[in-house]
Amino acid sequence: MSTSASACGQALASGAVFTIASIGCALAPTLEWLVAARVVQGFAASAVIPGAVALLAHAYPEPAARAKVMGLWGTVAGCALVLGPLVGGPLTDAFGWPAIFLVNLPLGVIAVLTGRRGITESRDPAHGALDLTGQVLGALWIGLLTFAVIEAGRLGASPAVLVTAALGLAALAAFVVVELRVAHPMLPVRLFARTRFSVAIFAAWSLGFAAYPAVLLIAVYLQQARGATATEAGVQMLPYVLANVVAAFAAGRLSARFGAHRLLPAGYLVAAVGSFAFLVHEADSPYWVVAVAFAIAGAGVGLSITPSNIVGLAGLPGHRSGIASATVNAARQTGTALGVAALGALLAAGSTLPAGLHLAMGVAGVVLLAVTVLTAVTLRRAV
């Protein structure tokens, strides 16, 4: 999507397309139709968040106020991430799977109508063209590497996996070269020369890779190892939801008071502890043990989202907030795609489901702990 498009128009148009695509998903007569509608949903969703964050950054230029409103945004984003299993389970059990898409209709209509009335514009005058080559290469390298990771869990280091991974790395290299040379790049690679921006991108990718997939993995654990229904699994994840919401709300105020560069590694440390807490879980573990691990993991994610966005936007001019927030979000989503593939493969590789969960969450915890150390050291030097 062209970055010359206004953030307001981009967010509202994408929200409308997402809502319409949700109806298409609910009414899908075949699996192919459903997949196609989900692709449209994905394109629309990928444009909503960057536009939303750019508008917030434009509306709240003062650092302390921006940190607080980003904390509120992080609360909403955290709720959206974890309320899916909580609300989706009962909806599916009661009304069938189309209900999880139809619930988007009233929410989408409300968002678009209220947005048209109260949103001011934010625009980057330096970007005026569609970087089609960059977008194609970006989708290509992400898709190829994700496919390679998924197939590696099933086939190991087979020729097909190695060739796909090599093609993905080649597409990534070509993407970087193109983005350095075109006049209006989708991703201004030279922004990575700014230490804080680079750290924010790395941190966002790592959170997506190591923390976001945990919700899916643990949902599988609850249903297949502990015998919970979809509704019961959603209810049992309430500690994660509540801790995430409270921590995300507090993250804005804590960032304003102590600085996002201090809160960022602290959030990742809590997330790492939450991942390691799942290492003691077995199929018959008391629920309170599960609940404690959920609460710690949810708090870690809630504390991490807001400071990563604030750090990514720090020091950039206002008209760059759209591309900065888009890059942070893209990094997080790319990490999630690869993390679901990699950690899902580890979950399946265990001799039992709890053993697989231990392996996957142990790797996730190590990644988050490494990010804690790297961001703490790097941001301290960059301040």
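Remember, predicted model here, so these are calculated numbers, not experimental data. (Residues numbered from 1 in each chain as written. Predicted model: local features only at pLDDT ≥ 70, side-chain atom pairs only at ≥ 80, totals over all residues. Heavy atoms only, no water.)

## Notes on the overall build of the protein
1) Next: When helices and strands are tallied, the protein shows 15 helices and zero strands.
2) Next: Burial statistics for the protein: of 383 residues in total, 48% are counted as buried.
3) Next: Within the protein, contacts between residues separated by at least 24 positions form 80% of all contacts whose residues are at least 6 apart in sequence.
4) Next: Accessible area for the protein stands at about 17,300 Å²; split by element, carbon and sulfur atoms hold 72% of it. (Helix = DSSP H or I, 4+ residues; strand = E, 2+ residues; numbered from the N terminus. Buried < 20%, exposed > 50% of the residue type's maximum accessible area, 1.4 Å probe, protein only. Contact = heavy atoms within 4.5 Å. Areas by Shrake-Rupley, 256 points an atom, 1.4 Å probe, with all protein chains shown as cover.)

## A look at the packing of aromatic side chains
1) Next: By the definition in use, this model includes three aromatic pairs.
2) Next: Ring centres 5.1 Å apart and planes at 15° place the aromatic pair tryptophan 205 and phenylalanine 209 in the stacked group. Linking tryptophan 205 with phenylalanine 209, this pair stays in helix H8 (residues 195-210), spanning four residues, or about one helical turn.
3) Next: Its relative accessible area of 29% is what places tryptophan 205 among the partly exposed residues.
4) Next: With centroids separated by 5.7 Å and ring planes inclined at 75°, the aromatic side chains of phenylalanine 278 and phenylalanine 294 adopt a geometry described as edge-to-face. With phenylalanine 278 in the loop between helix H12 (260-277) and helix H13 (287-313) and phenylalanine 294 in helix H13, the pair connects residues that are 16 residues apart, well separated along the chain. (Phe/Tyr/Trp six-rings, centres within 6.5 Å; stacked < 30°, edge-to-face > 60°.)

## Focus on H13
1) Next: End to end, H13 covers 40 Å across 27 residues, agreeing with the expected 39 Å (1.5 Å per residue, within 8%).
2) Next: Within H13, 22 of the 27 residues are buried, which leaves the element mostly enclosed by the surrounding structure. (Expected span 1.5 Å × (residues − 1).)

## Quick look at the environment of isoleucine 296
1) Next: Within the secondary structure, isoleucine 296 is located in helix H13.
2) Next: For isoleucine 296, a relative accessible area of 25% translates into the label partly exposed.
3) Next: Between the C-alpha atoms of isoleucine 296 and valine 270, which are 26 residues apart in sequence, the distance is 6.6 Å.
4) Next: Residues in contact with isoleucine 296, not counting those within four places in the same chain, are Val270, Val273 and Gly274.

## Re H12
One turn of the α-helix equals 3.6 residues, which is why residues spaced by three or four share an orientation.
1) Next: Look at H12: 26 Å from first C-alpha to last across 18 residues, which is about the 26 Å you get at 1.5 Å a residue.
2) Next: Within the span of H12, buried status applies to Ala260, His261, Leu263, Leu264, Pro265, Gly267, Tyr268, Ala271, Ala272, Gly274 and Ser275.

## Quick look at the nonpolar core
1) Next: The biggest cluster of nonpolar side chains holds 52 residues, and the ones touching the most others in it are Ile218, Leu222 and Phe294.
2) Next: Contributing elements (two or more residues each) for this core: helix H6 (132-155), helix H7 (159-181), H8, helix H9 (213-225), H12, H13, helix H14 (321-349) and helix H15 (353-382).
3) Next: By size, the runner-up hydrophobic cluster in this structure holds eight residues, among which are Phe197, Ile201, Val328 and Ala331. (Core = buried A, V, L, I, M, F, W, Y, C linked by side-chain atoms within 4.5 Å.)

## Quick look at a nonpolar patch on the surface
1) Next: On the surface, Leu31, Val35, Val39 and Phe43 cluster together into a nonpolar patch covering about 420 Å² of accessible area.
2) Next: Looking at the secondary structure, you find phenylalanine 43 in helix H2 (residues 31-59).
3) Next: With a relative accessible area of 60%, phenylalanine 43 lands in the exposed category. (Patch = residues over 30% accessible without salt bridge, like charges linked within 9 Å, V, L, I, M, F, W, Y side chains within 5 Å. Salt bridge = Lys/Arg side-chain N within 4 Å of Asp/Glu carboxyl O.)

## With respect to the packing of H8 against H12
1) Next: In the contact formed by H8 and H12, the axes pass within 12 Å of each other and the chain directions differ by 20°. In terms of their interaxial angle, H8 and H12 are classed as roughly parallel. For H8 against H12, the interelement crossing comes out left-handed. Counted together, Arg196, Val199, Ala203, Ala204 and Leu207 of H8 and His261, Leu264 and Tyr268 of H12 form the full contact between these two elements.
2) Next: Residues of the contact of H8 with H12, tallied by class, amount to six nonpolar, one polar and one charged. (Axes fitted to C-alpha atoms, helices over the stretch in contact; angles between N-to-C directions. Parallel < 35°, antiparallel > 145°, perpendicular 65-115°, else oblique. Left-handed = near helix turned anticlockwise from the far one by under 90°. Nonpolar A, V, L, I, M, F, W, Y, C, P; charged D, E, K, R; others polar.)

## Notes on the side chain of histidine 358
1) Next: By the secondary structure assignment, histidine 358 is in helix H15.
2) Next: If we ignore the near neighbours within four places in the chain, the residues touching histidine 358 are Phe278, Leu279, Val280, His281 and Glu282.

## So, the packing of helix H11 (residues 238-258) against H13
1) Next: Contact geometry of H11 with H13 gives a least axis separation of 7 Å together with a crossing angle of 30°. Judged by the angle between their axes, H11 and H13 are roughly parallel. In this structure, the crossing between H11 and H13 has a hand that is right-handed.
2) Next: Its residues assigned to classes, the contact of H11 with H13 shows 17 nonpolar, six polar and no charged.

## Observations concerning the environment of leucine 191
1) Next: Structurally, leucine 191 can be placed in the loop between H7 and H8.
2) Next: A C-alpha to C-alpha distance of 8.6 Å links leucine 191 and alanine 324, two positions 133 residues apart in sequence.

## Description of the confidence of the model for the protein
1) Next: Chain-level statistics for the protein give a pLDDT mean of 78 and a share of 78% at 70 or above.
2) Next: Element-level pLDDT for the protein is lowest in helix H3 (residues 63-95), with a mean of 69, against a maximum mean of 90 in H12.
3) Next: Predicted confidence is poor over residues 1-5, with pLDDT under 50, and the contacts of this stretch with residues over four places away or in other chains come to 16 contacts.
4) Next: Throughout residues 124-128 the model reports pLDDT below 50, and contacts reaching past four residues in sequence, or to other chains, amount to 15 contacts. (pLDDT = per-residue confidence, 0-100.)

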